[in-house]
Structure formats: structure tokens, C-alpha cells
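# Understanding the architecture of this molecule
One-letter residues, chain by chain:
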Amino acid sequence: MVDTTKNTKLFTTYGVKTSKTVTTEVASKLISKAKRPLFVVGTGVLNPELLDRVVKIAKAKNIPIAATGSSMIGFVDKGVNAKYINLHALGFYLTDPNWPGFDGNGNYDTIILLGHKKYYINQVLSATKNFSDVRAISIDKSYIQNATMSFGNLSKADHIAALDEVIDLL
Amino acid sequence: MSKLTTGSFSIEDLESVQITINNIVGAAKEAVKPTKEAAEVTGPMGPTPFPSIATLRDWSFTLFDRYEPVYTPMCDQCCYCTFGPCNLEGNKRGACGLDMKGQAAREFFLRCLTGCACHSAHGRHLLNHLIDLFGEDMPINMGASNVIAPNIQLVTGLQPKTLGDLKPVMEYVEEEVGQLLATVHAGQEAAAIDYDNKAMLAGVLDHVGMEVSDIAQVTALGFPKSDPEAPLVETGMGTIDASKPVIIAIGHNVAGVTYIMDYMEGNGLTDKMEIGGLCCTAFDMTRYKREDRKAPYAKIVGTISKELKIVRSGIPDVIVLDEQCVRADLVEEGQKLKIPIIASNEKIMYGLPDRTNDDVDAIVEDLVSGKIPGCVMLDLEKLGELVPKVALKMAPIREAEGLSAIPTDEEMKALVSKCAECGECALACPEELEIPAAIAVAKGGDYSALEELHDYCVGCRRCEQVCNKEIPVLSLIEKAAQKAIAEEKGLVRAGRGQVSDPEIRAEGLNLVMGTTPGVIAIIGCSNFPAGTKDVYNIAEEFLNRNYIVAVSGCSAMDIGMYKDADGKTLYERFPGRFERGNIFNTGSCVSNAHISATCHKVAAIFASRNLSGNLAEIADYSLNRIGAVGLAWGAYSQKAAAIGTGCNMYGIPAVLGPHSGKYRRALIAKTYDDSKWKLYDSRNGSEMAIPPSPEFLITTAETWQEACVMLAKNCIRVSDNNMGRSIKLTHWMELSEKYLGVLPEDLYKFVRNEADLPLAKREMLLKMLESEHGWEIDWKKKKIISGPSIKFDVSAQPTNLKRLCKEA
């Protein structure tokens, strides 16, 4: 299995607390066990290698997709429940217990993150980290320090292999 | 005593005695007190002239009620006082009692205040300098307008007529900046929302300070005056003729450079040497004495992202600095290539020797011999002589030595082969560029991947700071991109200054009714997430759609760098008026005041609202009726935070690029909370439901494609007539389909009746509204019978301010 936990070198520090690294096994368990998961993807998922895997993960557990940035165009006719939302607004709404969510059934307990610019997602997650209880699991290529749990920094090849492991384990 | 005014008077019985009164303390504030006498002179005065921290708090809080502060702290810790450092994670309180939100709000506020101080101090410097040169009585001349200082009039109530009239405006701004800065001290403020109110005031003061700066220089330095046909200026690194001696000016304050240009003109040097600039000094150099539309000889090299690149190229023979947006490593970088650095403003002195009082030729000798790497020169007359002389002497010396940091072909091969591909540079790169992969390709002799990085690279040099092999990564990129850099030749229209009153009269109705779909103001710096072409793409998209595109500063430069298939820039393809389908460049950073002022002018001139000391009412008008949205796509500076926040207080929303989450505070509305989307109808004070737009006052987007969709949506205003709404919905839908692949989910929230729906898609949309939202449709008449939650009333007078309602 890919060791997704070893490289946690920071590109800058946000302070005293950084996310715990997570193996593919634990990441898939957390995703599977989430009561109200939301798959928050950035425009980076338009890379075909990633897009295919996002669709597989979403379908495996019927997870709704928050298609942030301009990623929505990748999900047209893919048979997944994807909706566009601005990432910064989403970060705010996740801190509001009264947000009805995309389906009207309320806020989410777990967000899964993929395809983001690391500086942008880290900044947005500094809101959820400090002002909400939402659990943020990053399965991105870079270590996302403001997530609750994150893969470490991975090579492209290892990242794809790790995502495939997550898909197999779901 | 209150009847005394500035000027001179004689006392009849005392012969040969004359008393001159230069300044009456408090006279300006006294003059705007809403008395009957004052109203006869200056027109009616609004309720808030010369606002201090508490004065406009109600208006800030009205905005915050819908547009809630969203904090994204940059750090879990507060390291501000010696009680700390304190861990505030999870919104804990620190030793002083301040919680995480309060700390994030304070940090954001401090950025806005810093930006405001920069522009205002720049304004003060220019104003004092120009009054020294031309006198206090020099009449302000901004072109064909009666409303010549909209921000100043709106905020202070003053209507300046001369340069001297700008002094009390600066005094007011400086007093408030001091009061605001005091609140940053530990133990001064507790509530995050009150820091947010202070940030809003700092933003407003920023626009006042910017307006003073640009009014002073437009008036006194012969800049274009509300001129839609201001001349085109060459822009780009490739425009500089390196075979001539080259002067490069960097910064924002053009005062010193005007002396250099005067010296060049006086000594017949303008065609014998090059003068180019980076950042906003560059823009103002090209406006200097160009009200006659003569093509400028000064050139624009580019933005702060190009500062190290132009230095490393070895092209400059001397660099002159003034203030703001100047890299802190220029002396070190310049010294390596024997490029003398002349600091001409007290704000940046770089540790260099102050040679202000020395003989110019002696300084030239010391600089040319390398005895000193640079110097401070605060006497602008001497500066004007010193800089060209240094360039003329250094050019042959530097040419003979072939000074450049760009590696030779052999050096390049050796440097790329040194790379261990450890990945440290990629981790440090703020743009997340795949530097190791590009170098790996370069090892095989193919530099195309490195060349591609050039446009995405912001020239920060963080890659070099972490490289274990001490590879000058930036220079490798520049070497690989030599051909592309040589071809970087664009055109930008010189800053025109304000939008004139006649233009407002002609366009106001279209804008408020929505038949001109909106104003997209593309401003700010160059910290773009995906290269400089983003801003060009956005500008072109909206120009093709007949929006008005306003631009300024570094974004205006980068927009001019790209051409269509016929080799034309957007400035050549689209005219420069305040009119649909036009692109107008107001000028440098301080010229951003003219963009916000355009909204004030629409309210004052088109809608006949009183401008003086009446901020909340005018801002309320803009928020509800003027479809204007700002875009600071590469905002990096504190000044950009101040400009955007000032716009917010004025009721103008802004979209920023993804880096700008690092400012720490956004203002975003809950589109799902219907209680937030109501206004009063001022005809009778009744409540009216409104569509959720603008849905933010300041927020970020990840990509330029997403930004396009957001900009179009957030131009929708409650006041749109049917045709206007239908035009705006058309653009929003088309952009959403183009860039997101889908129609907007919440389109139905913006439909009041069938006439709002674009004709070409009306039937399809009616079907969608019926099937997805249960709306009742009369299919024979193709009319909506029931469904919309908002009503169309052409006579409604929407306002957030209860006091403006008739019953109040």
C-alpha cells in the first residue's frame, strides 16, 4: 500500500495545530462511516485521472459532490449528484448549524477534499477548523494542514495509487 | 470669529496693517455644519460629514446583518503582545481576552488601515509638493465635470475648488487614521464586528486619500482629464530598447520621476535613452504632460511580478525608487549587476547613504565607481539630474562587461544538471508551479516546460531561498523564456482620470435599469492564480457582452499584454468611454478612487441624490441599483484590501482571486436565509422581498472562469427593469453554461414575471419553472400565473434605510 502518512513538510505554518496524517485504509473507513458526507472538489479534478476517481468515490458511497471553482463542467452527464458552489461561501455555510445543505436535510459532518489549490483550501479550512465541528479529510496530493486529517505530500503517481486504494477499500 | 475665512483683509482705521489668515483650525468642519447659510453656499448637507469611528457604524452594521463577516485566520496564534503568544485555536480567548474572531478581524482591519495610510501618505506627499510648486490657489481641473471630488464630497461634505482646499481633507484623513491605529493596541477593542466597522471606515478614508492624490496630480502635472482618448502606451518587458541607456523607475509616487523626465526633455535625451517603469509610477509617468494626447516616450515594463525579472535581465543602468510595491531585495540584486539604486522617498531608504546635500557630480562619481551601491536622494531637482547622468555613464561600462544574471547556454546546462529534483522549490512556490518537473525536462535540452512557467511565475524567488543546490531558479525560467520576454509588447491606454458628468448623464439610466448589464471593474495587483492572461480573458468576455469594463493599475497593464488574431489589444478594439462595450482605464492605483466615484456620480447626477456628507444613502443607492462589481484578481497588497473594503462600504461588491483568502475576512450572505433578502420600499415603508444579489460584498473565486459567472450574477440588482433583468439573466445563464456546464440552480429566485425571461429561452425556462419549482403557467398566453417570491414593481424605491421611507 502507498504510505500516505510520511511526508508532512509544511509550506508555511498556520500555528500550533496541524492535521493528522491518514492512511488510505483509515481515510476510506472515515468516509464510509460518515453520516452526512460531502465531497468538496476543486477545479484540479478536471484532470481526467482525478475526475474518473472522484466519480468512482462518489458513486461507491453515493456521496454528494460540492463542485467548487469551475469543476462543475466535469460532472455533467457523469451520473453523480454534483452541484456548483463557491468554496469560500461553502466554508462559511459549513460553520452555520442552520445551513440546510444542498438537499434541505441539514449541514454535513464530514467533508472530503480533493483537487484544490493548497493555499486556497487551507485558508478556507481555517474557518471550519476554528469555528465548526465539521471533520475535514483531505485526500489531495499535498498535505493540507488545516484539515482534520490529510494525506502527506505525495508524488503524482503515489497519489493516484492512493486514490485507487481508497476506491478499493470503500 | 466663525465668520472669518481664509484670505486677507485690512482694518480700515489702521493704515498699512494687513492681517493674513492662512488657516483657521476647524474651519473646514465648521463650514460643513448643516446650517441654512452653509446650504446656500454648498447645497444641502447630509447627516454624516467628516465621519469618525462611530458615525457610520449603523450603516456598517446594516451591511453586516446581511453580509456576515467570514473569518479565515492566517494563524492559530496571536503574537501581538508580551502576554502571548496565545493559542486561539477553536475561537479561544488569549491572555488579553481577545478571541480568534476578534484577532482575525483586527488583522484584517490593520491591513485595510495600512493600505489607507499608504495611499493617504502618498496623497499628502504629492499635495505638499505640488502646493509648493504651484500654490494653494491653483484651481482643480479634472475635465468636463462639476462634481469634481465625489469621494471627498460624499465623505466630508467639502467641495474643494483649489489645491489648498484639499489640505483640510488630508487633515481629516490623518486624524482618523491616528484614531483608528490606536485601536489596534492590545486592550482597545473586543468585538470582531467593531474591528470590521473600523475596517470599513479605513476603506472609505482610503478612497478619500486616493482621490486627493489623483486630483492633485491630474490638476498640476498635466495628466489627461476625463479623456476617453488618452494616448496608448507601450507596455511589456520587450518594449525596452536595451541598446540605449536605461532608467527604470519602480513604485507609486511620480513626483521625483517628473524631474527626471523634465531633465531628459530639457537636455534632448528622450530619444537617446529609455525610461520605463514598474507598478503605478509607470502609469503616472505615461500620464505626465499628456493631456494633449501626445504619445508618451515613457514605457510601462510591468507589475511587481516583473521587478526581479527586469533586474536580472541586466537591462537597467540605474533604478530609481519611490514608495509602495517595491521589492526589499533590489539593492542586493542590483549590486550583483552593478545597477545603482537611487531611493527618492523617505518611506524607502534601504539603509543607503543619504546624499541629498551633496554635489550631483560627486554622487555620480561614487555610484559609477561602485564606491556606493546606491544612495538616498530626497532633493527632487538633484534627482532629476542625477539619475540620467548615472544611466549615461553606467550604460557603456555595463555593456562592456556584459552584465546580466541570465545564464549563458553552457551555464544553463550546468545549472539544470545540478538539480536533484528534491521538490523543495515546488513546496515553497506560492503558485504551486511544477518546477522540478520542468527542470527535469530541461536536463534533456528542452526548455519549453521552464518557458511555460514564466507567465505563471510571480517572481518572488521563494524557490531560490529553499534550493539546497543554490540554483537561481528564477534566472533559469527567465533564460528559458528569453524569446517570449522579447515579444512581450503590448499597448495600454494611459489613465484617463475621472468619468465625466456628461458621460454619467448619458449612461446612468441604462445602468440603473439594467439595460447596460453592468460595470466590471478589474483592478489591483498581479498575484494571479494562473498567469496574467486571466484578466485579459475576463475583460474580453465582458466587453464582448457589452458590459462596461473599468480598469486601473497593474491589472490594466496586464490586460494590454495580449492581442487578438489581428494583432490588436483590447484598448485598440474597444473605445475608452463610460459606455456599454467600452474599456476605460482610470490610471494608477490612486485612480481607483474614480471608479468608486463613478457610482457616487450616478446617484448624484443621474438620480439627483444629495452627495455631501451623505454616505449611507448614496451607498444604499449603489447597492440596490447600480450593477457594478469589482474584481481584484491578483490582489496581494494591503492597499487592495483597503480599496475593496472601501467599495464594500459604498455598496459595491468585489470578487478577489484565491490568494486573497489570506486577507482573513470576507463578507458573504446566506442565500438560503430568506429573512436577509428584504428591503423597504421608501414610498411607504413596506417590506419588499428581493433577489439574493449581490450575494457577497467581498469574497474569493478559484478560477477566472468561476469569477466570470460570479461577476455576471452579482450585477443583478433589484431595480432592473424587465429588459435589464432579461439581459442580465441571459449573460449569467450563458456564462454558467459555458464555464460550469449547467444552468444556474437558483435562477428561479431572480424571476419576477415572464418578461424577465430571455425571449430566446422563454419557453424552455417556463417549462423548467413549472416542472422543477411548481410554478403555475398559462401556456396559452405564456405567462406566469403564480410562483415567484419577488414581485416586479417599476415604481418601487428599494432601500435598506428606514429613515428614507416616507412614513419615517
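Overview of the structure. Predicted model only: the values in this text are computed from it and were never measured. (Residues numbered from 1 in each chain as written. Chains lettered and ligands numbered in written order. Predicted model: local features only at pLDDT ≥ 70, side-chain atom pairs only at ≥ 80, totals over all residues. Heavy atoms only, no water.)

## Quick look at the overall build of chain A
- From N to C terminus, chain A includes 5 helices and 7 strands.
- Going from the N terminus to the C terminus, chain A shows its helices and strands as β-α-β-α-β-β-α-β-α-β-β-α.
- Here chain A has a C-alpha radius of gyration of 14 Å; the compact-globule value for 170 residues is 15 Å, and the two agree.
- The principal-axis extents of the C-alpha atoms in chain A amount to approximately 40 × 35 × 30 Å.
- Buried residues in chain A amount to 63% of all 170 residues.
- In chain A, the share of contacts with a sequence separation of at least 24, taken over all contacts with a separation of at least 6, comes to 63%.
- For chain A, the exposed surface amounts to about 6,400 Å²; the carbon and sulfur share of it is 48%.
- With 20 positive and 14 negative side-chain charges, chain A shows a separation of 4 Å between the mean positions of the two kinds. (Helix = DSSP H or I, 4+ residues; strand = E, 2+ residues; numbered from the N terminus. Rg over C-alpha atoms; globule rule 2.2 N^0.38 Å. Buried < 20%, exposed > 50% of the residue type's maximum accessible area, 1.4 Å probe, protein only. Contact = heavy atoms within 4.5 Å. Areas by Shrake-Rupley, 256 points an atom, 1.4 Å probe, with all protein chains shown as cover. Lys, Arg positive; Asp, Glu negative; His and termini not counted. Charge placed at Lys NZ, Arg CZ, Asp CG, Glu CD.)

## Observations concerning the sheet that holds strand S21 (residues 686-689) of chain B
Residues and elements named next belong to chain B.
- Judged by pairing direction, the sheet is antiparallel, and its 3 strands sit side by side in the order S21-S20-S25 without closing on themselves. Of all the strands in the sheet, the pair left with one neighbour each is S21 and strand S25 (798-799).
- By the bridge criterion, 4 bridges tie strand S20 (residues 678-681) to S21 in an arrangement that is antiparallel. The residue of S21 that forms the bridge with lysine 678 is alanine 689. (Pairing = 2+ DSSP bridges.)

## Some words on the interface of chain B and chain A
- Contacts between chain B and chain A engage 48 residues on the former and 45 residues on the latter.
- Taking both sides of the interface into account, the surface hidden between chain B and chain A amounts to around 3,900 Å²; carbon and sulfur atoms contribute 57%.
- A per-residue breakdown of the area chain B buries against chain A is headed by Leu427, Tyr672 and Glu702 of chain B, which together make up 19% of the total.
- Viewed at the interface, chain A and chain B are joined by 5 salt bridges.
- Two residues, lysine 17 of chain A and glutamate 89 of chain B, come together in a salt bridge whose shortest N-O distance is 3.5 Å.
- The tally of links between chain B and chain A comes to 25 residue pairs in polar contact (both at pLDDT 80 or more).
- Elements with a contribution of two residues or more to the side of chain B that touches chain A: strand S3 (67-71), helix H4 (100-134), helix H15 (424-428), strand S19 (665-669), strand S22 (696-700), helix H28 (704-713) and helix H29 (722-740) of chain B.
- Its residues placed into classes, the side of chain B that touches chain A shows 21 nonpolar, 13 polar and 14 charged. (Buried area = accessible area lost by both parts, 1.4 Å probe. Salt bridge = Lys/Arg side-chain N within 4 Å of Asp/Glu carboxyl O. Polar contact = N/O pair within 3.5 Å; in protein donor to acceptor, adjacent residues only side chain to side chain. Nonpolar A, V, L, I, M, F, W, Y, C, P; charged D, E, K, R; others polar.)

## With respect to the pattern of salt bridges
Residue and element names in this part refer to chain B.
- The final tally for this structure, using the stated rule, is 63 salt bridges over all chains.
- Across the pair arginine 355 and aspartate 358 runs a salt bridge whose closest N-O atoms are separated by 2.4 Å.
- The exposure class of aspartate 358 is partly exposed, given its relative accessible area of 28%.
- Here the residues in one salt-bridge network are Arg312, Arg327, Asp329, Glu332, Glu333, Lys336, Arg461 and Glu464, joined through shared partners.

## Notes on the pairing of strand S7 (residues 246-250) of chain B
Residues and elements named next belong to chain B.
- The element S7 is extensively covered by neighbouring structure, given that 5 of its 5 residues are classed as buried.
- Alternating residues of S7 divide into Val246, Ile248 and Ile250 and Ile247 and Ala249, and every residue in both groups is buried.
- Where S7 lies against strand S8 (residues 274-278), 5 bridges are found, and the strand directions are parallel. Opposite isoleucine 250, over in S8, you have leucine 278 as the bridge partner.
- On the question of chirality, the crossover connecting S7 to the parallel S8 by way of helix H8 (residues 255-266) is right-handed.
- Relative to strand S10 (residues 318-321), S7 runs parallel, the two sharing 4 bridges. Looking across to S10, one finds that isoleucine 248 is bridged to isoleucine 319. (Right-handed = clockwise from strand over helix to strand, strands pointing away.)

## Considerations on the pairing of strand S9 (residues 299-302) of chain B
Residues and elements named next belong to chain B.
- Relative to S9, S8 is paired through 3 bridges, and the arrangement is parallel. Opposite leucine 278, over in S9, you have glycine 302 as the bridge partner.
- Chirality of the crossover, the property in question, places the unit of S8, helix H9 (residues 280-287) and S9 among those that are right-handed.

## Regarding the nonpolar core
- If you look at the biggest cluster of nonpolar residues, it comprises 148 residues, and the most contacted ones within it are Ile152, Leu166, Ile247, Ile275, Ile342, Leu386 and Leu615 of chain B.
- Ignoring sequence-local partners within four residues, the contact set of leucine 386 of chain B consists of Ile342, Val360, Ile363, Val364, Leu367, Cys375 and Met377 of chain B.
- Of all hydrophobic cores here, the second largest spans 98 residues; its members include Val22 and Met72 of chain A together with Cys325 and Ala701 of chain B. (Core = buried A, V, L, I, M, F, W, Y, C linked by side-chain atoms within 4.5 Å.)

## A look at helix H14 (residues 409-418) of chain B
All names here are of chain B.
- Residues Met412, Leu415 and Val416 constitute the buried set of H14. Looking down the long axis of H14, one finds its buried residues gathered within 95 degrees of arc, a one-sided arrangement. Turned more than 90 degrees away from the buried face of H14, the exposed residues are Glu410 and Lys413. (Arc of directions from axis to C-beta.)

## A closer look at unusual backbone geometry
All names here are of chain B.
- The omega angle of the peptide bond from glycine 84 to proline 85 is 0 degrees, so this bond is cis rather than trans.
- Structurally, the position occupied by proline 85 is in the loop between strand S4 (77-78) and strand S5 (86-87).
- With a phi close to 70 degrees, glutamine 324 is a non-glycine residue in the positive phi region.
- If you check the backbone angles, cysteine 325 has positive phi at about 60 degrees while not being a glycine.
- Inspection of the secondary structure puts cysteine 325 in the loop between S10 and helix H11 (330-336).

## Details of the sheet that holds S3 of chain B
All names here are of chain B.
- If you trace the 8 strands from one edge of the open sheet to the other, you get S3-S19-S22-S18-S17-S14-S15-S16, paired in mixed fashion. Only two strands of the sheet have a single partner each, and these edge strands are S3 and strand S16 (583-585). Neighbour-to-neighbour, the strand axes of this sheet turn through a mean angle of 25 degrees, independent of strand direction.
- Examined bridge by bridge, strand S17 (residues 628-632) and strand S18 (residues 654-656) share 3 bridges and lie parallel to one another. Paired with alanine 632 across the bridge in S18 is leucine 656.
- Of the strands in this sheet, S18, S19 and S22 are in contact with helix H27 (residues 638-649), which crosses S22 at around 155 degrees. (Axes fitted to C-alpha atoms, helices over the stretch in contact; angles between N-to-C directions.)

## Considerations on the packing of H14 of chain B against helix H19 (residues 473-480) of chain B
Residues and elements named next belong to chain B.
- The contact between H14 and H19 brings their axes to 11 Å, and the two run at 130 degrees. Overall, the two elements H14 and H19 adopt an arrangement that is oblique. Here H14 and H19 pass one another in a crossing that is left-handed. Facing H14, whose interface residues are Asp409, Met412, Leu415 and Val416, H19 presents Leu476, Lys479 and Ala480.
- Along the lines of polarity and charge, the residues of the contact of H14 with H19 split into 5 nonpolar, no polar and 2 charged. (Parallel < 35°, antiparallel > 145°, perpendicular 65-115°, else oblique. Left-handed = near helix turned anticlockwise from the far one by under 90°.)

## Examining the packing of helix H1 (residues 24-33) of chain A against helix H5 (residues 156-169) of chain A
All names here are of chain A.
- Close contact between H1 and H5 brings their axes to 9 Å; oriented N to C, the two are set at 45 degrees. Regarding the angle of H1 to H5, the classification is oblique. Relative to H5, H1 is oriented so that their crossing is right-handed. Contact residues: Thr24, Glu25, Ser28 and Ile31 in H1; Ala162, Glu165, Val166 and Leu169 in H5.

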